[in-house]
Amino acid sequence: MTTTVQDAPERSRFEIEVDGELAGYVEYSTHGDEYEVPHTRIYSHYEGNGLGHELVRRALAQIAERGGTVLPYCRFVARVIRESPELTDLVREEERPTFGL
């Protein structure tokens, strides 16, 4: 199983593909270098394979590479950040309490 995660800015989302087929996405909107992330979706026939975690972690890595920050309104994204303290710096310090970080 080969997975890729790519930014699809024309659709305002990061997408994960499995063997060339779209398996899910993380939606975002940007305001400067800040990414508001309201929703993550993994299609039902791909659930249970850890693809959600992979998608979020790799999307966050791309945002970090760009020097961006994140507002993780999606509860799943906030949970991934809570489980991975090294990602906390992606959320501005004054916003962290809002997301339980």
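Nothing here was measured: the structure is a model prediction, and the numbers come from that model. (Residues numbered from 1 in each chain as written. Predicted model: local features only at pLDDT ≥ 70, side-chain atom pairs only at ≥ 80, totals over all residues. Heavy atoms only, no water.)

Peer 1: I keep staring at the overall build of the chain and nothing clicks. Help me out?
Peer 2: Along its length, the chain carries 2 helices and 5 strands. Along the chain direction, N to C, the helices and strands of the chain fall in the order β-β-β-β-α-β-α. At 13 Å, the chain has a C-alpha radius of gyration in line with the 13 Å of a compact globule built from 101 residues. In terms of overall dimensions, the chain has a C-alpha envelope of 40 × 25 × 20 Å along the principal axes. Burial status across the chain gives 44% buried among its 101 residues. A separation of at least 24 residues holds for 40% of the contacts in the chain among residues at least 6 apart in sequence. In the structure as shown, the chain presents an accessible area of about 5,600 Å², 45% of it carried by carbon and sulfur atoms. Distance between charge centres in the chain, computed from 11 positive and 19 negative side chains, equals 4 Å. (Helix = DSSP H or I, 4+ residues; strand = E, 2+ residues; numbered from the N terminus. Rg over C-alpha atoms; globule rule 2.2 N^0.38 Å. Buried < 20%, exposed > 50% of the residue type's maximum accessible area, 1.4 Å probe, protein only. Contact = heavy atoms within 4.5 Å. Areas by Shrake-Rupley, 256 points an atom, 1.4 Å probe, with all protein chains shown as cover. Lys, Arg positive; Asp, Glu negative; His and termini not counted. Charge placed at Lys NZ, Arg CZ, Asp CG, Glu CD.)

Peer 1: Explanation requested: the pattern of salt bridges in the structure shown.
Peer 2: Pairing between side chains of opposite charge can happen when their charged atoms approach one another. One pass over the structure, following the stated rule, counts 11 salt bridges. The shortest N-O distance in the salt bridge between Glu-34 and Arg-92 comes to 2.7 Å. Placement of the pair is Glu-34 in strand β4 (residues 34–42) and Arg-92 in the segment after α2 (75–83), with a sequence separation of 58 residues. Since its relative accessible area comes to 14%, Glu-34 is described here as buried. Three or more residues are tied together by salt bridges with common partners; here these are Glu-10, Arg-11, Arg-13 and Glu-15. (Salt bridge = Lys/Arg side-chain N within 4 Å of Asp/Glu carboxyl O.)

Peer 1: In this structure, what is going on with the sheet that holds β4? I would like to understand it.
Peer 2: Hydrogen bonding along the main chain pairs the strands of a sheet, whether they run parallel or antiparallel. Here we have 5 strands laid out as an open sheet, ordered β1-β2-β3-β4-β5, and mixed in their pairing. Two strands in the sheet have a free side with no partner beyond their single neighbour: β1 (3–8) and β5 (69–71). Averaged over all neighbouring strand pairs, the angle between strand axes comes to 30°, with direction disregarded. Pairing geometry for β4 and β5, over 3 bridges, is parallel. Within the sheet, the bridge partner assigned to Tyr-35 lies in β5 and is Val-70. (Pairing = 2+ DSSP bridges. Axes fitted to C-alpha atoms, helices over the stretch in contact; angles between N-to-C directions.)

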